[in-house]
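As a plain string of letters, each chain reads:
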2 protein chains.
Amino acid sequence: MTPWGVTVTIANSLTVEDLGSAAQRDRRKRILDATIALATQGGFDAVQMRAVAEQADVALGTLYRYFPSKIHLLVSALAREFERAELQLRDKPLPGDTSADRVIFVLKKTTRGLQGDPHLTEALTRAFMFADASVQAEIHNVGMLLTSMLTRAMHPGSTELTDDDVAIARVIGDVWLSSLVGWVTGRMTASETGEQLERAVRLLLRD
Amino acid sequence: MTPWGVTVTIANSLTVEDLGSAAQRDRRKRILDATIALATQGGFDAVQMRAVAEQADVALGTLYRYFPSKIHLLVSALAREFERAELQLRDKPLPGDTSADRVIFVLKKTTRGLQGDPHLTEALTRAFMFADASVQAEIHNVGMLLTSMLTRAMHPGSTELTDDDVAIARVIGDVWLSSLVGWVTGRMTASETGEQLERAVRLLLRD
DNA sequence: GGAGGAGGTGGAACGTGTTCCTATTATGTC
DNA sequence: GACATAATAGGAACACGTTCCACCTCCTCC
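The text that follows walks through the structure, step by step, so that each part is easy to find. Bear in mind that the values here come from a model prediction, so they are computed numbers and not experimental data. Note that residues are indexed from 1 along each chain, following the sequence as it is written. Here chains are named by letter from A upward and ligands by number from 1 upward, in the order in which they appear as written. Local features in this predicted model are restricted to residues whose pLDDT is 70 or higher, and side-chain atom pairs enter the listing and the counts only when it is 80 or higher, whereas totals over whole chains, interfaces and linings include all residues. Only hydrogens and water are removed before side-chain values are computed, so all heavy atoms of the structure are retained for them.

Another aspect to go through is the protein's contact with DNA strand D. Any residue with a non-hydrogen atom lying within 4 Å of a molecule or strand is treated as near it. Near DNA strand D lie 17 residues; those nearest to it are A:Arg50, B:Ala59, B:Thr62, B:Arg65 and B:Tyr66. Protein-adjacent atoms of DNA strand D, using a 4 Å cutoff, are sugar or phosphate at a proportion of 66%. Within 3.5 Å is the distance limit for a polar contact, defined as a pair of N or O atoms, with the added protein rule that one can donate a hydrogen and the other accept it, and that residues adjacent in sequence qualify only through two side-chain atoms. The backbone of A:Met49 places a nitrogen or oxygen atom 3.0 Å from a phosphate oxygen of DNA strand D. In the environment of DNA strand D, a base nitrogen lies 3.3 Å from a nitrogen or oxygen atom belonging to the side chain of B:Arg50. Secondary structure follows DSSP: runs of H or I at least 4 residues long count as helices, runs of E at least 2 residues long count as strands, and numbering of each begins at the N terminus. Looking at the surface near DNA strand D, the elements that each hand over two or more residues are α2 (49-55) and α3 (60-66) of chain A together with α3 (60-66) of chain B. It is α3(B) that provides the largest number of residues to the surface near DNA strand D, a total of three residues.

Structure representation (structure tokens):
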């Protein structure tokens, strides 16, 4: 069995990972923890494979057995963090009278969380942007999470989604990603990203 | 004088570069040509600094004197190509009765151009995504070009732009970038990017 | 409980972006 | 034209992602 495990997506984007032995699950966790720690400290550049291996108390070869590249590693870490964030938001009622207000609430809350950890966000965004098709699965997961967060904000309690809903969520996701890139790369300030997001949402959801 | 030259932006995003001696201008051109050639052949990975230097008949140190990193090099190449494309489109009448139709025309035309050179596009998009604040100037140029292309398509012949116009152009730019990333990284097909763009434009421009 | 194999360790080695150094060649000044 | 300065050539050296290999350890199955 590969230590990457098999990712099974159940119903509404909740993922369960079947990961071999407890020792393997533990190694995987240690690796991701080390990744997040290093990324939080010093961003993308600080996540050096040798450093991750050392901090996770794992050989370099083992690290590569679990995650075939630095990009996979970071995107997997991103996915884990994202799931955790989404779990916190799920089941909580969202404030706001209009769908635009609720969506903006969700976006700002998430963005603020990310901007509280600039280095971590930089590392994860960079990885996301650099990923190629071989990380498709992990990225798809993140995309689904975001879409479900946004559509829930648009129509709380509803499970029926129109094509337009999904399309709007996707556009918002695109703007969000671009803003994040702009912020991470120092081309935009935090408040500018907030304004840009709010602007986009109000353009898209004016009903 | 640094060989990077001084970039002066005149009026409507037309840029003129003052680049020292003819020999320096020539070297710079040779370097960018070599970059484009290698990128066209084999994409981001094929643009190796030693290879660029050799093909441009320039020492490695000289290459780094002109472009302080591979990312700067690729983003500069992107900017040059983009300017050329915009120049072709400028002054030509745009078909379509509604602003949405015209914007979609511009986007599809540009996107088709890019997708005709997959490797080149991959290289340039990757660079764009990986750029940090030190490439702000070059990236800002590209952004301005795109905005001016889009707003012209929205209101041909008009020079008055509302805040909404600019905001819409920016959102479209974001979607375009995300689609491009999706396509470059193999997560979306060419036709999917087309659909996503059209979808987004029609959501934003429904007047 | 011993044999076989999958998974792990430790570290060398390779490729490519980047830096640095010295000798050589242009370029501009008097 | 001779000199001072800047720019370039040529290439070694370094850092980090990635690959590879030899050996060890632990689990599984008989």
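On we go.
Salt bridges are defined as contacts in which a side-chain nitrogen from Lys or Arg sits within 4 Å of a carboxyl oxygen from Asp or Glu. Considering all chains together, one arrives at 20 salt bridges over all chains under this definition. Salt-bridge contacts for A:Glu81 lead to A:Arg84; the nearest nitrogen and oxygen are separated by 3.0 Å. With A:Glu81 and A:Arg84 both in helix α4 (residues 70-89), this residue pair falls three residues apart, about one helical turn. Overall, A:Glu81 belongs to the buried group, its relative accessible area being 17%. Residue B:Arg90 pairs with B:Glu86 through a salt bridge whose shortest N-O separation is 2.6 Å. The cut-offs for exposure are 20% and 50% of the maximum accessible area for each residue type, with area from a 1.4 Å probe on protein chains only; residues under the lower value are buried, those over the upper are exposed, and the others partly exposed. Taking relative accessible area as the criterion, B:Arg90 reaches 23% and is therefore assigned partly exposed. Under the relative-accessibility criterion, B:Glu86 is labelled buried at 6%. The structure contains a network of salt bridges with shared partners spanning A:Asp101, A:Lys108, A:Glu198 and A:Arg202.

Mapping chain A onto chain B calls for a rotation angle of 180° and an axial translation of 0.0 Å; the resulting RMSD is 0.0 Å. Taken together, the rotation angle and the small translation identify this as a two-fold axis. Contact definition: two residues touch when any of their heavy atoms are within 4.5 Å. In this assembly, 100% of the residues forming the interface of chain A have copies in chain B that are likewise at the interface, indicating an isologous arrangement. Copies are brought into register by a least-squares superposition over C-alpha atoms of residues with pLDDT of at least 70 in both.

Another aspect to go through is the interface of chain A and chain B. Listed by partner, the interface residues are 30 residues for chain A and 30 residues for chain B. The term buried area means the drop in 1.4 Å probe accessible area that two parts suffer when joined, counted for both and summed. The contact between chain A and chain B buries some 2,900 Å² in all, and 57% of this surface belongs to carbon and sulfur atoms. Three residues stand out in chain A for area buried against chain B, namely A:Phe130, A:Arg187 and A:Leu203, and they jointly supply 22% of the buried area on that side. In this assembly, chain A and chain B are joined by two salt bridges. In this structure, the salt-bridge partner of B:Asp164 is A:Arg199, at a minimum N-O distance of 2.9 Å. Counting every contact that joins chain A to chain B gives 16 residue pairs in polar contact (both at pLDDT 80 or more). Looking at the side of chain A that touches chain B, the elements that each hand over two or more residues are α6 (118-130), α7 (136-154), α8 (163-184) and α9 (190-204) of chain A. The element contributing the most residues to the side of chain A that touches chain B is α8(A), with eleven residues. In this count, Pro and Cys sit with the nonpolar residues alongside Ala, Val, Leu, Ile, Met, Phe, Trp and Tyr, while Asp, Glu, Lys and Arg are called charged and the others, Gly among them, polar. When grouped by side-chain class, the residues that make up the side of chain A that touches chain B number 16 nonpolar, five polar and nine charged.

In this fold, B:Gln48 is placed in the loop between α1 (22-46) and α2 (49-55). Separated by 121 residues in sequence, B:Gln48 and B:Ala169 place their C-alpha atoms 34 Å apart.

Think of two packed helices as two axes; the pair is described by the angle between the axes and how far apart they sit. Residue and element names in this part refer to chain B. It is the contact of helix α5 (residues 99-115) with helix α7 (residues 136-154), at a shortest axis distance of 7 Å, that shows an interaxial angle of 145°. Here α5 and α7 pass one another in a crossing that is right-handed. The residues of α7 that touch α5, namely those facing Ser99, Arg102, Val103, Val106, Leu107 and Thr110, are Met149, Leu150, Ala153 and Met154. In the contact of α5 with α7, the residues fall into seven nonpolar, two polar and one charged. The axes used here are C-alpha line fits, helices contributing only the stretch in contact, and every angle between their N-to-C directions lies in the interval 0 to 180 degrees. The sense of a crossing depends on the near helix, which, turned anticlockwise from the far helix by less than a right angle, makes the crossing left-handed and, turned clockwise, makes it right-handed.

Leftover empty space is mapped by rolling, across the atoms, a probe with the size of a water molecule. Taken as a whole, the largest pocket encloses approximately 1,000 Å³ of empty space. Any residue with an atom within 4 Å of a point lines the site, the site being either a cavity, points on a 1 Å grid over the protein atoms alone where a 1.4 Å probe fits but cannot get out, or a pocket, an open set with protein on both sides within 12 Å along at least 5 of 7 lines. Along its surface, the largest pocket is lined by 38 residues, and B:Ile139, B:Gly143, B:Thr147, B:Arg170 and B:Asp174 are the ones closest to its centre. At the level of elements, α8 and α9 of chain A together with α4 (70-89), α6 (118-130), α7 and α8 (163-184) of chain B are the ones that each hand at least two residues to the lining of the largest pocket. Take the lining of the largest pocket: its biggest share by element is eleven residues, from α8(B). Residue composition of the lining of the largest pocket, grouped by class: 20 nonpolar, eleven polar and seven charged. Grid points are joined across faces, edges and corners, and a volume is the space filled by probe spheres set on the points.

With that settled, the discussion passes to unusual backbone geometry. A positive phi angle is found at A:Asp91, which is not glycine, with a value near 70°. Along the chain, A:Asp91 turns up in the loop between α4 and α5 (99-115). On the accessibility criterion, A:Asp91 (70% relative accessible area) is exposed. Positive phi outside glycine occurs at B:Asp57, with the angle close to 60°. Structurally, the position occupied by B:Asp57 is in the loop between α2 and α3.

Worth remembering: the numbers are spatial, not functional.
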